[in-house]
Structures are given as structure tokens and as C-alpha cells.
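# Per-entry structural report
Spelled out, the chains give:
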Amino acid sequence: MKLTFLGAAREVTGSSYLVEADGVRFLVDCGMFQGGRETRAKNQRAFSFDPRDIDFVILTHAHIDHSGLLPRLVALGFKGKIHATRATCDLLAVMLPDSAHIQEKEAEYANVDRFRRDRDRRDKAAPTRDIAPLYTVAQAQASLKRLNPVDYDLEIAPHPQVRCTFRDAGHILGSAIVEVWVGEGARRRKIVFSGDLGQPARPLLRDPTPIFEADYLVVESTYGNRDHKSMEATQDELVEAICDTIEKKGGNVVIPAFAVGRTQDMLYLLADLTRQARIPRLSVFVDSPMATAATEITFRHMALLDAETHELMGRHGGAAHFRKLEFVEDVEESKALNRITGGAVIISASGMCEAGRIKFHLRANLPRRESTILITGFQAAGTFGRRLVDGAKRVRLLGEDIPVRADLYTLGGLSAHADRSALLAWLGHFRSRPRQVFVVHGEDSVATGFAADLQRQFGWDAQAPLPGHSVILD
């Protein structure tokens, strides 16, 4: 059996792993690389395999860095099933077409810019060819037909040589740890793919399911080098940011948030802090059609949410706790938010500020000293959000040079990823040592460092594979 690390190897995005054994070839995840211009070439390069030869795909969750190349895989000939939890399938029905829309728009903008350059050139060389989107909305819709919804804790057989079970990972709605058994009899081997593990005792979702044994383990390491702030400290900082901005300075709070997971987390926390009378009743605008759809999907899957969420949010989504809770759909209504000079909390995608309506809200509020930008999640290297976190004083945004005068808060305790202590606690449930452990989904120094930690703490044979590296699993 051979395992190849196609993505998320010493980096955080592009999760994809190819398993080949006993006449079967399948992928675990098929994610898009994210983080700046250099990642575009990675997404556009040819697959290292023929998509027509892949029997099926196992998908750990809906985040685009795990699912975003599925439409391209299908467009290039993949005919098998994509197995994912029911909630993940529901989210993909929103997220993949949205991703495709972004691809189409980015290609359109690039072609307009290229046309202008061609028109203004002094030489008479032939005009350059149009840039095609990575995939289209139609191709994204076609990929949804390959989905096969699966329940948690139910063993399925996607191939005669393969069995697998999805366990709750507690990362986002529908996220899964996947236990995979390949082969029969004495040659049967168990591989566990952690997917992205959630942080225990956080809002909305249940804690990650403990796993007790595996022959081989592929584990994420996004925060393998540090712990998050406590939830108490995070709430204190959120209260400070809200009260200082809304009550004292009279500005807006702009929150770049992932449409899936983080937006719902923020609504929960703002509602809870209002209920405790720690912050004033707020006018909250969720300006992301995808976040609106994801919130609706979240409350359709109430059985997957924790008891505290049931008590606080009910089926009204916490609206009773706010002065106003408005989900903005119309583009003109979105633009109108930028005319609000104070008193608004604007939650908008994307979470790393790379695309979507958040760019317009940042353009309007970054130059304003009375406003606050609230960073609530991981910002990958090369992203616009990372430049803000790293302290940029001026940024280029939507073709304009923008000064950064707004306050910036980074709420480290809201990450949907398990921190170092939580990762080690989850790994501590293993009752026997895996034959090999592969540390993925972490920046180079973090993944290699966490692998070394596992060697020291557990005595495991752990490594951080390089991109494209293959290993033979005995």
C-alpha cells in the first residue's frame, strides 16, 4: 500500500492524500491551495494522477482547502463517488458554487486588466490569450452530483477492499475524523486521517471523538507549536474591543470571518455576552450570502450542536439577544453598510480577507481610527489578513493604497483548530503505538517541530512528509 502526500505537506492548505493498494486508488480530500499569488500555479497544475483512475474520494469536511479542487477533479474525468457526512454535503452545495463564482470573477477581472495592457502596448504583437477560471459554476454544480451523504459512526464500503467510518472531529459542522481499513485478513491495515480537529469546550460543536488505535496515522498540526488563549481571556478581549469601539469611540467593528463555523461562533459569543450584560445590545450585519446559507444549514443540523448552543440560540439563531440581526443578501445593501459611520458590527467573508465583500468593508474602515478590525482565525502566510496581523501600516486593496489606522484585535482563543495541548490530549487516547505517524497541515517549522515532539513524548515514529512524498505502508 502506498500513501502520497499531494498537499498540506509542510503547509496549511491544499489537503489531499492518494492511497493506492490492492487494485484500488482513492483520495482523502481534494483541497485548494490558498495564500496568495504563488498558490494559483499550484491549483492550476495538472494532477499527478489521471482523475479517471480514482475509484472514490473520502472528504473530511467542507472547507475549501480540503474540498476546493473537487469540481476540477470531476471536470477532468473523475466518475466515482465523493463520500462525506450529510452536513458536509449540505455545505458543499453552497460552498463549491460560491468558490466557482469567485474563480469566474477573478478570471474576468484578470482578462479586463490584460485587455487594457494589450490595448496600451506600443508594439503590435498578437494579443495574449484569455485566462480561464480554474473551474466554472456549472462544473461545481456537476461535482455535487458525485456526493454520497454518510452518517457519523456508520461503517461504509466504498470499494470491496475498503471500509471506512466517519467520526465527529468537532472542527466545523459535519467535519470528520475518518477511520479507513484497507485490505482483507492478515493484510488488512487501518489508517486514521484526523482531518482538522476542533478545540474542545468551544461554542456550538461537540468535542472531537477519541480514537484508540491505528496502524498508520495522518494528523494535522496547524497549531502544533502553541496553545490558544483561554475562552475567558478571549471573551474579555472581545468585550474590550466591542465596548471600546461601539461605546467610547463610536466606530464600527469589522470581523472578517469564515462563512462556515466562525460566523456562527461569533453570533453565539455576541449573543452570550449580551445575555450576560457584558456588552450592549448590538446592531449586527452578516454580510455574506454564503454565511447566511451556512447559518441556515447549521440550524437544520441541530442534533450535531452541543447542549449550550441549544439553550442559548434555539431555532431563532440568537436574534432575540440583538438590537438588530440582519443577514445582508443584496449587493446594494452591502454597499450601504459602508456609509454607516458607527455602531455597527459587520461580519463578512472571507476569513483571510482574500476575497468577498470583506474587502469593501476593510477599504471603508481601515483608514478610520474609531473603527476596529477583529481577526478571529488563522491567517495563512501570504494572505491579506496575515499582512494586517503582521502589522502593515499601509496596504494595497481594490486598486487603492490604504492607510491602516483602525485598531486591530486578534482573538486567538476562537480558532476552530485544536491547539498544541488539545492535539496532544487527543493523541493521548491511543492505546498502542501506530507503526508510523505523518504530521501534516502545518507550516514547515510547525509540522517538523510537532513530529519531533511526538517522537519525544510518545516514542512514536513520526515525520512531516514533504510535498509529493510517497511512503510504502507495510
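Above this text is the structure in question.
Now for a description of the structure that goes with this document. Everything quoted here is computed from the prediction, not taken from an experiment.

### Notes on the overall build of the protein
Helix and strand counts for the protein come out as 14 helices and 22 strands. In terms of overall size, the protein behaves like a compact globule, its C-alpha atoms giving a radius of gyration of 22 Å where 474 residues would be expected to give roughly 23 Å. A buried classification covers 57% of the 474 residues belonging to the protein. In the protein, the proportion of contacts linking residues at least 24 apart, taken out of those at least 6 apart, comes to 75%. When the accessible surface of the protein is summed, it comes to about 19,600 Å², and 48% of that surface belongs to carbon and sulfur atoms.

### Description of the nonpolar core
Counting 106 residues, the largest nonpolar core has Leu3, Phe26 and Leu270 as its most contacted members. Setting aside anything within four residues of it in sequence, one finds Leu270 in contact with Leu238, Ile242, Ile279, Leu282, Val284, Phe322, Val345 and Ile347. If you look at the next biggest cluster of nonpolar residues, it comprises 24 residues, including Leu197, Ala418, Leu427 and Leu454.

### Focus on a negative patch on the surface
Taken together, the side chains of Glu296, Glu329, Asp330 and Glu333 present a region of like negative charge at the surface. Residue placement: Glu329 occurs in the loop between strand 14 (324–327) and helix 10 (331–337).

### Topic: the packing of helix 6 (residues 231–249) against helix 7 (residues 262–275)
Across the interface, helix 6 lies against helix 7 with an axial gap of 11 Å and an inter-helix angle of 80°. As judged from the angle between their axes, helix 6 and helix 7 are roughly perpendicular. Taken together, the residues of helix 7 that come into contact with helix 6 (itself represented by Met231, Gln235, Leu238, Val239 and Ile242) are Met266, Leu269, Leu270, Asp272 and Leu273. In terms of residue class, the contact of helix 6 with helix 7 is made up of eight nonpolar, one polar and one charged.

### Digging into empty space enclosed by the protein
Empty space among the atoms can be located by rolling a probe the size of a water molecule over them. All told, the structure shown has two cavities of 30 Å³ or more when counted by the stated rule. Of the voids in this model, the largest cavity is the one considered here, and its volume is about 230 Å³. Considering the residues around the largest cavity, the lining is formed by 25 residues, among which His171, Pro203, Leu204, Leu205 and Asp265 are closest to the centre. A per-class count over the lining of the largest cavity returns 13 nonpolar, eight polar and four charged. Of the voids in this model, the second largest cavity is the one considered here, and its volume is about 80 Å³. Lining the second largest cavity are 15 residues, and of these Tyr17, Ser194, Gly195, Val218 and Val440 lie nearest its centre. Counting only elements with at least two residues in the lining of the second largest cavity, the list comes to strand 3 (24–30) and strand 11 (216–220).

### Re the sheet that holds strand 16 (residues 372–375)
A sheet is described by the order of its strands in space; here six strands give the open sequence 14-13-15-12-16-19, paired in parallel fashion. On the outer flanks of this sheet lie strand 14 and strand 19 (407–410), each paired with one strand and no other. For this sheet the average axis-to-axis angle between neighbouring strands, irrespective of direction, equals 20°. Looking at chain direction, strand 12 (residues 253–256) and strand 16 are connected through two bridges and run parallel. Among the inter-strand pairings, Val253 is bridged to a residue of strand 16, identified as Thr372. Sitting on the sheet, helix 7 is in contact with strand 12, strand 13 (283–287), strand 14, strand 15 (344–348) and strand 16, with an inclination near 155° to strand 15. Contacts between helix 11 (residues 358–365) and the sheet are confined to strand 12, strand 13, strand 15 and strand 16, with strand 12 contributing the most and set at about 145° to the helix.

### Notes on the packing of aromatic side chains
In the structure shown here, the tally under the stated rule is nine aromatic pairs. Ring centres 5.9 Å apart and planes at 75° place the aromatic pair Phe5 and Tyr17 in the edge-to-face group. Taken as a pair, Phe5 in strand 1 (residues 2–7) and Tyr17 in strand 2 (residues 16–21) lie far apart in primary sequence, twelve residues in all. For the pair formed by Phe5 and Tyr17, the shared burial category is buried. A centroid spacing of 5.7 Å and a plane angle of 85° characterise the contact between Tyr223 and Phe378, whose relative ring orientation is edge-to-face. Of the two residues, Tyr223 sits in the loop between strand 11 and helix 6 while Phe378 sits in the loop between strand 16 and helix 12 (384–389), which places them 155 residues apart along the sequence.

### As for the side chain of Glu11
Looking at the element boundaries, Glu11 is found in the loop between strand 1 and strand 2. A distance of 3.0 Å separates the side chain of Glu11 from the side chain of Lys42, its partner in a polar contact. Contact partners of Glu11, with chain neighbours within four places excluded, come to Phe33, Lys42, His441, Gly442 and Glu443.

### What to know about the sheet that holds strand 9 (residues 176–182)
The strands making up a sheet associate through hydrogen bonds between their backbones, and the pairing can be parallel or antiparallel. If you walk across this open sheet you meet the seven strands as 7-8-9-10-11-20-21, and the pairing is mixed. Each edge of the open sheet carries a strand with a single partner, namely strand 7 (156–159) and strand 21 (462–463). Sitting on the sheet, helix 13 (residues 420–427) touches strand 9, strand 10 (189–193) and strand 11, and the angle it makes with strand 11 is about 165°. Its contacts with the sheet place helix 14 (residues 444–458) against strand 11, strand 20 (436–440) and strand 21, and it is angled at close to 150° to strand 20.

### A word on unusual backbone geometry
A cis amide bond, omega 15°, links Ala349 with the succeeding residue Ser350. The topology assignment puts Ser350 in the loop between strand 15 and helix 11. Its identity is not glycine, yet Ala8 carries a phi of approximately 55°, on the positive side. Its place among the elements puts Ala8 in the loop between strand 1 and strand 2. Located in the positive-phi region is Ala201, a residue other than glycine, with phi close to 60°. Position of Ala201 relative to the elements: it lies in the loop between strand 10 and strand 11. According to the relative accessible area criterion, Ala201 is exposed, its value standing at 62%.

Scoring rules and cut-offs
Every chain's residues receive numbers from 1 upward, in the order its sequence appears when written. pLDDT decides what is reported in this predicted model: residues at 70 or higher carry local features, side-chain atom pairs at 80 or more are listed and counted, and totals for whole chains, interfaces and linings draw on all residues regardless. The basis for every side-chain value is the complete set of heavy atoms in the structure, and neither hydrogens nor water enter the calculation. Per the convention used, a helix needs a DSSP run of H or I reaching at least four residues, while a strand needs a run of E reaching at least two, with both numbered from the N terminus. For the radius of gyration, the atom set is restricted to C-alpha positions; the globular benchmark scales as 2.2 Å times the number of residues to the power 0.38. Relative accessibility thresholds used throughout: buried, under 20% of the residue-type maximum; exposed, over 50%; partly exposed, between the two (1.4 Å probe, protein chains only). Every residue pair with non-hydrogen atoms within 4.5 Å of one another is taken to be in contact. Accessible surface area values rest on a Shrake-Rupley calculation with a 1.4 Å probe, where residue burial reflects the displayed protein chains alone. In this description, a nonpolar core means a group of buried Ala, Val, Leu, Ile, Met, Phe, Trp, Tyr and Cys residues linked to one another through side-chain atoms lying within 4.5 Å. Every patch collects residues that have over 30% relative accessible area and no salt bridge, joining them within 9 Å if they carry like charges and within 5 Å if they are nonpolar side chains (Val, Leu, Ile, Met, Phe, Trp, Tyr). Any carboxyl oxygen of Asp or Glu that lies within 4 Å of a side-chain nitrogen of Lys or Arg is treated as forming a salt bridge with it. Charge assignment: positive for Lys and Arg, negative for Asp and Glu; neither His nor the chain ends contribute. Working definition for charges: the position is that of NZ of Lys, CZ of Arg, CG of Asp or CD of Glu. What counts as an axis is a line fitted to C-alpha atoms, over the stretch in contact for a helix, and the angles between N-to-C directions run from 0 to 180 degrees. Small angles under 35 degrees read as roughly parallel and large ones over 145 as roughly antiparallel, with 65 to 115 read as roughly perpendicular and the rest as oblique. Amino acids outside the nonpolar list (Ala, Val, Leu, Ile, Met, Phe, Trp, Tyr, Cys, Pro) and the charged list (Asp, Glu, Lys, Arg) are all regarded as polar, and Gly is one of them. Buried and open spaces are told apart on a 1 Å grid over the protein atoms alone, a cavity being a set of points where a 1.4 Å probe fits but cannot get out and a pocket being an open set with protein on both sides within 12 Å along at least five of seven lines. Residues with an atom within 4 Å of a point are the lining residues. Grid points are joined across faces, edges and corners, and a volume is the space filled by probe spheres set on the points. Paired strands, as defined in this entry, are two strands with at least two bridges between them according to DSSP. Aromatic pairing here means that ring centres of Phe, Tyr or Trp (its six-membered ring) are within 6.5 Å. Orientation follows from the plane angle: under 30 degrees is stacked, over 60 is edge-to-face, and everything else is tilted. N or O atoms closer than or at 3.5 Å make up a polar contact, with two conditions inside protein: a donor-capable atom paired with an acceptor-capable one, and, for residues adjacent in sequence, both atoms drawn from side chains.

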